[in-house]
Amino acid sequence: MAGFLDNVHWPEFECIDWGERRNTVASVISGILFFTGWWIIIDAAVCYTDQKDLNHAFYTCGVFSTLAFFMINAVSNAHIQEDIYGEGCLGKIGARLWLFIGFLIMFGSLIAAIWILFQAYIVPGNPVYPGLSVFFQNLFIFFSTLMYKFGRTEDLWG
Amino acid sequence: MAGIKALVGLSFSGALGLTFLLLGCALEQFGVYWPLFVLIFYVLSPLPHFIASRCSDNTDSSSNACRELAHFLTTGIVVSAFGLPIILARKEVVKWGACGLVMAGNGVIFLTILGFFLIFGGGDDFSWEQWFPRSIDGTCGW
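Just so we're clear, the structure is a prediction, and the values are computed from it rather than from any experiment. The written sequence of each chain sets the order in which its residues are numbered from 1. As they are written, the chains are lettered A onward and the ligands numbered 1 onward, keeping that order. This being a predicted model, a pLDDT of at least 70 is required before a residue's local features are given, and a value of 80 or more before pairs of side-chain atoms are given or counted; all residues contribute to the totals for chains, interfaces and linings. Side-chain measures here rest on the full set of heavy atoms in the structure, leaving out hydrogens and waters.

**Here's the deal with the state of the cysteines**
A pair of cysteine sulfur atoms is labelled a disulfide when the two atoms are within 2.5 Å. The full count for this structure, using the stated rule, is zero disulfides over all chains. C47 of chain A forms no disulfide, and the closest cysteine sulfur to it belongs to C99 of chain B, at a distance of 13 Å. C25 of chain B supplies the cysteine sulfur nearest to C99 of chain B, a cysteine that is in no disulfide, at a spacing of 12 Å. For every residue, the accessible area obtained with a 1.4 Å probe (protein chains only) is divided by the maximum for its type, and the residue is called buried under 20%, exposed over 50%, and partly exposed between those limits. With relative accessibility at 4%, the residue C99 of chain B sits in the buried group.

**What about the nonpolar core?**
Residues V38 and F41 of chain B are the most contacted members of the largest nonpolar core, which totals 40 residues. Under the DSSP-based scheme used, a helix requires at least four consecutive residues in state H or I and a strand at least two consecutive residues in state E, with every element numbered from the N terminus. Secondary-structure elements contributing two or more residues to this core are α1 (22-47), α2 (59-74), α4 (92-122) and α5 (129-150) of chain A together with α2 (38-44), α4 (65-90) and α5 (96-120) of chain B. By convention a nonpolar core is built from buried Ala, Val, Leu, Ile, Met, Phe, Trp, Tyr and Cys residues, the set being connected through side-chain atoms within 4.5 Å. The next biggest cluster of nonpolar side chains, apart from the first, holds nine residues, and it includes A44, L54, C61 and V134 of chain A.

**Some details on α4 of chain B**
Here α4 of chain B spans 37 Å end to end across 26 residues, near enough to the 38 Å set by a 1.5 Å rise per residue. Of the residues one or two after α4 of chain B, E92 of chain B is the one with positive phi, at around 65°. By this rule the span expected of a helix is its residue count minus one, scaled by 1.5 Å.

**What to know about the side chain of D43 of chain A**
With respect to the secondary-structure elements, D43 of chain A resides in helix α1. Only heavy atoms enter the contact rule, under which two residues are in contact if any of them lie within 4.5 Å. For D43 of chain A, the residues in contact, after removing those within four places along its chain, are Y129 of chain A together with I87 and R90 of chain B.

**A short note on the confidence of the model for chain A**
Each residue carries a pLDDT value, the predictor's own confidence for that position, ranging from 0 to 100. Of all residues in chain A, 89% have pLDDT values of 70 or greater, and the mean over the chain is 88. Per-element confidence in chain A is highest for α5 of chain A, whose mean pLDDT is 96, and lowest for helix α3 (residues 77-81) of chain A, whose mean pLDDT is 72.

**What to know about the packing of α5 of chain A against α4 of chain B**
For every element, the axis is a line fit to its C-alpha atoms; helices are fit only across the contacting stretch, and the angle between N-to-C directions ranges from 0 to 180 degrees. Two elements in contact, α5 of chain A and α4 of chain B, have axes whose closest approach is 14 Å; the angle formed by their N-to-C orientations is 165°. One way to sum up the angle between α5 of chain A and α4 of chain B is to call them roughly antiparallel. In this structure, α5 of chain A meets α4 of chain B at a crossing whose hand is right-handed. Across the interface between the two elements, Y129, S144 and Y148 of chain A of α5 of chain A pack against E68, L69, F72 and R90 of chain B of α4 of chain B. A breakdown of the residues in the contact of α5 of chain A with α4 of chain B according to their chemical character gives four nonpolar, one polar and two charged. Angle categories: roughly parallel below 35 degrees, roughly antiparallel above 145, roughly perpendicular from 65 to 115, and oblique for all the rest. For any pair of crossing helices, the crossing counts as left-handed if the nearer helix is rotated counterclockwise from the farther one by less than a right angle, and right-handed if it is rotated clockwise. Side-chain classes are defined by residue name, with Ala, Val, Leu, Ile, Met, Phe, Trp, Tyr, Cys and Pro counting as nonpolar, Asp, Glu, Lys and Arg as charged, and the others, Gly among them, as polar.

**Some remarks on the UniProt feature "transmembrane region" (unreviewed entry) in chain A**
All names here are of chain A. UniProt positions are given in the numbering used here, feature names are shortened, and annotations may be inferred rather than shown by experiment. The UniProt entry lists residues 25-45, 57-76, 97-122 and 128-148 under the feature "transmembrane region" (unreviewed entry), expressed in the numbering used here. When the span residues 25-45 is considered, its composition is 100% helix and 0% strand, and the gap between its end C-alpha atoms is 30 Å. Span residues 97-122 is 100% helix and 0% strand, its end C-alpha atoms 36 Å apart.

**Focus: the interface of chain B and chain A**
Contacts between the two partners involve 19 residues from chain B, matched on the other side by 24 residues from chain A. The term buried area denotes the loss of accessible surface (1.4 Å probe radius) that occurs when two parts are joined, taken as the sum for both partners. Contact with chain A buries surface across chain B, with E68, F72 and I87 of chain B losing the most and accounting together for 34% of the total. Salt bridge, as used here: a side-chain nitrogen of Lys or Arg that lies within 4 Å of a carboxyl oxygen of Asp or Glu. One can count two salt bridges joining chain B with chain A. Notably, a salt bridge pairs D43 of chain A with R90 of chain B, separated by 2.8 Å at the nearest N-O pair. In protein, a polar contact means a hydrogen-donor-capable atom and an acceptor-capable atom, both N or O and within 3.5 Å, with residues adjacent in sequence counting only if both atoms are side-chain atoms; elsewhere, any N or O pair within 3.5 Å suffices. Summed over the shared surface of chain B and chain A, the result is six residue pairs in polar contact (both at pLDDT 80 or more). The greatest single-element share of the side of chain B that touches chain A, amounting to 13 residues, is contributed by α4 of chain B.

**Let's talk about α1 of chain A**
Over its 26 residues, α1 of chain A runs 38 Å from end to end, which matches the ideal 38 Å to within 8%, given 1.5 Å per residue. Residues of α1 of chain A that are buried include every one of N23, A26, S27, S30, G31, F34, F35, G37, W39, I41, D43 and A44 of chain A, and no others. Those residues of α1 of chain A that are buried are in contact with α2 and α5 of chain A together with α2 and α4 of chain B.

**With respect to the pattern of salt bridges**
Here the structure, examined in full by the defined rule, presents three salt bridges over all chains. Two residues, K52 of chain A and D50 of chain A, come together in a salt bridge whose shortest N-O distance is 3.5 Å. Taking the relative accessible area as the measure of exposure, D50 of chain A reaches 35% and is therefore partly exposed. Between E68 of chain B and R152 of chain A there is a salt bridge, and its shortest N-O distance comes to 2.4 Å.

Set out below in structure tokens:
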């Protein structure tokens, strides 16, 4: 029973040669997701200007998500796995700590956005669009981070 | 020189895109000129690519982190150029018809810019040195 799905594979798409274009495609998709998230919150901010509808404190989730995006993508995979000698104030352990804190902030913002959606919009029965926009902003930024971090391969950097 | 025909074709499509944008502003039933702000995004969109190709001249590797960041930022600028008219239309600052025309103009202009880069390769024989001189040690001074 333990390996019964081992021989199941996705159908092969041989017409698409990912090869050299993988990093470009991953960057583009990541960019689309990231900026779509921000335009969603801009839209909500423009349509719901009253603090009673969309409390200005809720914007901090998106800000911290963005900070986490830059923290996570500031360290390359090579920095964490191999020994980088010399330059930079972060060694291998420092880089891992940086990445860890970055992911903490990212997950924290996502959880906060979900919490806000439920606590401030769904449970009291208010119109739910502003809460959904905060949630989707953070969700999109989260997926954008994952795509930018893991969708690119450093083998192509030569 | 990669061809006069390509150049003329790209000029035509560029003019067509700008026509769509201006129609979205200037037609009688629309009449407001707020959509012209997407011109900022048109101007900004090639910049990340220029900065990345300027700062990483080693073309041995097929891509590097700088170039990928440039792709990320360029995509963001393109998304923003589509997002702005939608928000203007949702807020009833411009009408949805104008928004549609502006987005059609966006599409044509960005395809033109893309075509420019694909066909003319960002300017192979363009001499960067006269515009952005390098420092003595060969860096960009970042």
